[in-house]
Structures are given as structure tokens and as C-alpha cells.
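# Residue-level structure breakdown
Residue-level listing of the chains:
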Amino acid sequence: MFIDFIYELRRNKVPVGLQEAVALTRALAMGLHDSSLEGFYYVARSILVHRESHLDPFDVTFASYFRGVAVDAKKIHAELLEWLRDPKLRKELTDEERALLKALDLEEVERLLEERLREQTERHDGGSRWIGTGGTSPFGRAGTNPGGIRLGASSGGRSAIKTADARAYRGYRSDLVLDVRQIEIALRKLRAFSREGTLEELDLEGTIDSTAKNGGELEVVTRPPRRPNTRVILMMDVGGSMDPYAHTMSQLFSAAKRSTHWKELRIYYFHNCVYGAVYPTEEFREPVKITDLVADCGPHYKLVLVGDALMAPWELLGAPSYGESEKGAAGVSWLVYLREHFERSVWLNPEPPSTWGGSTVETIGSIFPMFELTLDGLSEAIAELTRGSPRR
Amino acid sequence: MSTFLRFRGTDRYLTNEALEASVNSALALERPLLVRGEPGTGKTLLAEAIAEALPARLISWNVKSTTRAQDGLYVYDTVQRLYDSRFGDGDIRDIRRYIKLGPLGQAISAGERTVLLIDEIDKADLEFPNDLLHELDRMHFSITETGDEITAKQRPMVIITSNNEKELPDAFLRRCVFHFIDFPDREFMKRVVAVHHPGLDDGLVDQTLQAFFDLRNMRGLRKRPSTSELIDWIAVLKKAGIAAVKLDQALPFLGTLLKKEQDVVAYADRLAGGRKYRS
């Protein structure tokens, strides 16, 4: 009977398969869930979910599936929503409205509540304070709404659906924008090791070989230890249309700075597009010529550009005179120049992919592989950067 | 319906329904239990508690950045054998003398059920979990040097902890029962404190918890204090004979709660009333 639930989970991007389904069946056959929905919730969660970023989609699926009501904003009466949105204006309820309210059964109010919670996090950031105390909203404490739900009161054992509804793991979803720690972890995948430096480590195989060759007289061979060998160039777009993303950018910056598993990290800034030179500081002083940079850094450096790639077409295709634009080459030709020099490069865009169509974003996306600046996007970008042989 | 032992926590280790369901699923399905969560939420202690409850011998394998999967099974001490051959010490024809079983090897070869803790698996190399897949699945390994095949008579209960630091490979995750340890809420924390510091004055418990959760909720902390730090802090307060904590004044022994200089500065700023802007 939970086969449909498995498919529902898959639809919500929780990767469950045959193995999990069989394990869950075995667990249920052994009576692990104590024949209760709550027990089933916990057992199913521990078997079907493998990482915390899937806990929230699991909760959502569980709540909607086992209530038998689809979570769909459009199905809610617009009238009712309107009333919910502005309860202050409607303190005096007409008889008609009161009748309507009484007709609301608990299930429907619960559904609305969930909807409300969802809507709210979309607008603000993760808080649930907004559903407050007092007032006539059906959600909150000490309200005057006859069909309301009381929130925040601890009432002993919570039911499974309420637990699922609480969606305590929303913060662990991986398709949301990331924090420094998560970025660091993602960046760590960029590391690669090679043996360089002084001979400090015992090379066992080598020792055995040379001892054997030496007629059994012990000859110890040493080798240099493994050291990180990744070199990264990070170029960030600052100012103008990037201002709303300043926070995300600074997180990426500090994560990159703190990463100790790279051999070298160079950070440069540019405005809008790269024209001839980039800047080691945000004050746009001491320009570093792209030609010098390319001469200095071999093609094995990994190039990461971060920016919204959004600008007036002439800024990309022409040669604006701000900065130290050299020989009047167009922005786009500098980008192509960089792309061709480095074996591996990516462009990270803080804007969601839905906005990438048309405009200069598409042009730049055709030069660099472009990824969204979220945890998932970053992982994809790093997979691109670490892929074996160069594309060309 | 088969019967098996149900884990309900121990005197010293409190659990909730979700954790019990996960542990019991892992026990019943004989799969490794992967525990993740913030540092200081008692991931390692869980293994000790399970070993105590079963009861079974606990074998710990503390993973380091240099640990390889092979080390967990056995190590063949070639250098010792070479030296012995040169100086004529011991019986060098017996290879078994130079095979040293690692923690996983010990757990598999033990005749009875053991609890194997693979602590902080995320510290090792990215490929480490993949290298363990087969052995954890089959509970079987062979020693190439001697041709010995070792299979577990009783599958060990494997508990793997991870500090949430690295994404583990999918193939590995699929074989595990997963549990994410939530940070305890106030009520639960009160019970935890009561277990560790029985008979503590109620007023002091409330004050310390208030101060602790205030600190955790403070914005911009680099490292938020965790359960183990709260327990330590209360221990220090008890030793120093402090009977009351004033929340509007500097907290005594702040160093047990805040471990980063920036955090201490941020806390001092807040205490001084509002943010001070520094250049």
C-alpha cells in the first residue's frame, strides 16, 4: 500500500529505489512500526531518507500523501485566502462568514495552515513568527476565530502528520542558497593530490623492491608526502546589479579563503565583464592585465567566474572605456580568450536559471558552462571543473 | 514475526522515538546505522549506549584524514618481517605473526556480536566509504597474504558517525539506515542536564539553559555552543560554587561555551548594548 508513496517520494526528488522498498517491507513485517502511523513515519524516514537535505521533501510528501489531500495552493478558495491575508479589516464577522467558518472542518484548516506556512517562508526567510498570538487569523494563539488552530502549545505526543508538517528540516534542503560551511564542503571536492617536496614518507613497495634487488640487505626508500595540488582563480563581479547578492558573494569568498586544501587561490574582481584587466581588490586599484595573468598561470589553473552576466549588450560586445581596457577589445573576446586558455572554467550565476534566457546571459552561457550559485549548482560546477580530460 | 532486542536508551543516554526507531530498524535489518548531526549532539556516545544496552563489546575505529579502508581490515607489517629476517628474530615463515587485524577485521572475526563504531567517517578521503562497501555488506574479507577467508558468525552492529561535513556516496548511503540527530529542544535539554548533573538546583538549571539558548540564538556566531559544552559549563559552575547566573551580566567561564575569539567579541558587543562598529 505504500508503493504509491514510494513513487510520490521519487516525484519529489527523494531518491528511493527497490532496495529501500524491500528494506521497509521487511521492517514492517517485523512490526518495527508498532502498527501506528507515528511508528511508520519514523521507521520509513530512517530507511528511505539517506541525507538531511531529503528530510524536508520527505516530510512534505508524507504530510500530503497520508492526509489524502494534495498540497495545492490553487485549490484554496481565493475568498478565504483574502480573508486570511487581512484579518484586521474583518474583525466584525457577518453571519454568513461565521457560518462559512463553522463549516470549515479541522482538516481543511490544517491544510490552509500548511499552505500558509509554505507561503510565508517563500516571502520571508525561514521564520514562523508571523503566525502570532491574538488576532482573528485562524492560526495563532488566543484568537477569536471559532475554527482556529492553536499553535505553539506543547501537547504531549505529536501525531506523525503534525511532526511531518512541522518541517523542521527545511534548513537542510540542498536546492536553497547556501551558507559558508556548505560552500566549503562543496569546494573541498576540488582538491587533488600529488607527491611533491621533501622525502618524508616511507615507500613500502619501493623499499621491498630495492631490498630484494639488494640481495636481502634492507634498503629503505622514502618519498614525498601527498600534497594538495589544485590551483584556483576566482573572479567575482561586484557592484551594480550584483549588489543584491553581496551577501552570497561574501560567503563564497570566505569559504574559498578558508579552504586549506588548495595549493593556490587567486581572487580578482571585475565590474560587469572582464575587459583587459581584473583587480585584486574591491577598490579597483592596481589592475592586473589579463595577458599577464595568462602568462603567469598555466592552463591547469581552474577558473571560476561569478556574476549575474547581465549587462547592456554594448557592454559585452563593445569595449567600454572604464577600467584599463586594452586595445579596445570587446568584453566578449576577453571572455573567449580566458575560456580558451584555461582547460577548465565555469561561470556561477546567483540568478536562477529561469531568468537566463535571451540577453547577455545566454551569450556568456555559450562561452562558459554556466551553473546556478546554489549547493546543487556548485556541485555540478565542481564536477565540470574536475572532469578528467579537457574538453578541447 | 521475529524477536529482537529493542533499544530504549540507557540511564545515561536519553533517546527519543525517532532515534529508537532508527536504531531498532538498523538492528532488525542488520544494516549499518549512519548518524549525522551537529557536533556535540552525542553521536559517539550513542554507540557506547547501544553497546551497553545490547550488551556487546564496543570496538572503536577513529577515522583520520590518512586512514585507508584497508587499515580497518588488517595491516601486514612487512618492515617488521624484513627486520626479523635480517636479524633472525622470531619465526619469519609464519606470515600470520605479521598480520595485525584492524577494528573492522576484529569486529568481523569476533565470534560474538560486537558493536563497531566508525567515528567521523567524513574525515577520511572521499573514496574511503566506497572502499568499505563490500566488507560492510557481506561482513566478509580475505587476507591475501595467507589466503584466509574470514566471515562474521554474528554480524556486528555498525554505527557510523559523520559530522555533516562531506556528502557521502549514494551507493554507500543506500546501504545504511540514516538518522539525523536534532539539536535538543529546551525540555529535552533539561532532561539531559538532569542525567549528567543530578540534583542541580532548579533555578540554576533554568538560568543556565536560558543563557545557553540565548547564546545559541545570537546572530552571527561562528561556532554555536552544543550540548557537551553546556554540560561542561555547568560542571565548571558547580566546581566554582556559583549558585546563580545573572543573564544581564557577563557570563562566568564564558570560555567553556564560546571557543572563537570573534564570538567572544560579538558577545561582549551585545552585552555592551548594541553593536559597536569597528573599522
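Our subject in this report is the structure included herewith. Since we're looking at a predicted model, the values are computed, not measured.

### Comments concerning the overall build of chain A
- Along the backbone of chain A there are 16 helices and 11 strands.
- Within chain A, the fraction of its 392 residues that count as buried is 30%.
- For chain A, long-range pairs separated by at least 24 residues make up 68% of all intrachain contacts whose partners lie at least 6 apart in sequence.

### Some details on helix H9 (residues 202-217) of chain B
Residue and element names in this part refer to chain B.
- Along its 16 residues, H9 runs 22 Å from first to last C-alpha, staying within 8% of the 22 Å computed at 1.5 Å per residue.
- When H9 is considered as a whole, its buried residues turn out to be Thr208, Phe212 and Leu215. Each buried residue of H9 lies within a common arc of 60 degrees when the element is viewed along its axis, so the set occupies one face. Counted as exposed and oriented over 90 degrees from the buried face of H9: Asp202, Gly203 and Asn217.
- Where H9 is buried, its residues meet helix H10 (227-240).

### Quick notes on the nonpolar core
- Ranked by size, the top nonpolar core spans 64 residues in total, and within it A:Leu48, B:Leu33, B:Ile50, B:Leu116, B:Ile159 and B:Ile160 carry the most contacts.
- Looking at this core, the element that brings in the most residues is helix H3 (residues 37-48) of chain A, giving 7 residues.
- Aside from chain neighbours lying at most four places away, what touches B:Ile159 is B:Leu33, B:Val35, B:Leu46, B:Ala47, B:Ile50, B:Val115 and B:Leu117.
- In this structure, A:Met236, A:Met249, A:Val274 and A:Val278 belong to the second largest nonpolar core, which totals 47 residues.

### Regarding the interface of chain A and chain B
- Taken residue by residue, the interface counts 24 residues in chain A and 24 residues in chain B.
- Within the residue set of the side of chain A that touches chain B, elements represented by two or more residues are helix H2 (18-29), H3, helix H9 (180-188) and helix H10 (204-213) of chain A.
- Top contributing element to the side of chain A that touches chain B by residue count: H3(A), with 5 residues.
- Split by residue class, the side of chain A that touches chain B holds 14 nonpolar, 6 polar and 4 charged.

### With respect to the sheet that holds strand S9 (residues 177-181) of chain B
Residue and element names in this part refer to chain B.
- The strand order across the open sheet built from 5 strands is S2-S5-S8-S1-S9, with neighbouring strands paired in parallel fashion. Edge positions in the open sheet fall to strand S2 (57-62) and S9, since each of these has one partner strand only. With strand direction ignored, the average angle separating the axes of adjacent strands in the sheet is 20 degrees.
- Taken together, the 6 bridges between S2 and strand S5 (residues 114-119) define a ladder with parallel strand orientation. Its bridge partner lying in S5, tryptophan 61 is registered against isoleucine 118.

### Side note on the packing of H2(A) against helix H1 (residues 17-29) of chain B
- Between H2(A) and H1(B), the shortest axis-to-axis distance is 10 Å and the interhelical angle comes to 100 degrees. One element, H2(A), and the other, H1(B), form an angle in the roughly perpendicular class. Together, A:Ala23, A:Arg26 and A:Ala27 of H2(A) and B:Ser25, B:Ala28 and B:Leu29 of H1(B) make up the contact between the two elements.
- Residues belonging to the contact of H2(A) with H1(B) are distributed by class as follows: 4 nonpolar, 1 polar and 1 charged.

### Things to note about H2(A)
- For H2(A), built from 12 residues, the straight-helix expectation of 16 Å at 1.5 Å per residue is met to within 8% by its first-to-last C-alpha distance of 16 Å.
- Within H2(A), burial applies to A:Ala23, A:Leu24 and A:Ala27. Viewed end-on, H2(A) has its buried residues packed into an arc of 100 degrees, placing them on one side of the element. Exposed side of H2(A), more than 90 degrees from the buried face: A:Leu18, A:Val22 and A:Ala29 are the residues found there.
- At its buried positions, H2(A) is contacted by H3 of chain A together with H1 of chain B.
- Positioned one or two residues after H2(A), A:Gly31 has a phi angle of 75 degrees, which is positive.

Each value, and the rule that gives it
Residues numbered from 1 in each chain as written. Chains lettered and ligands numbered in written order. Predicted model: local features only at pLDDT ≥ 70, side-chain atom pairs only at ≥ 80, totals over all residues. Helix = DSSP H or I, 4+ residues; strand = E, 2+ residues; numbered from the N terminus. Buried ≥ 20, exposed ≤ 12 C-beta atoms within 10 Å, placed from the backbone. Contact = placed C-beta atoms within 7 Å. Expected span 1.5 Å × (residues − 1). Arc of directions from axis to C-beta. Core = buried A, V, L, I, M, F, W, Y, C linked by C-beta atoms within 7 Å. Nonpolar A, V, L, I, M, F, W, Y, C, P; charged D, E, K, R; others polar. Pairing = 2+ DSSP bridges. Axes fitted to C-alpha atoms, helices over the stretch in contact; angles between N-to-C directions. Parallel < 35°, antiparallel > 145°, perpendicular 65-115°, else oblique.

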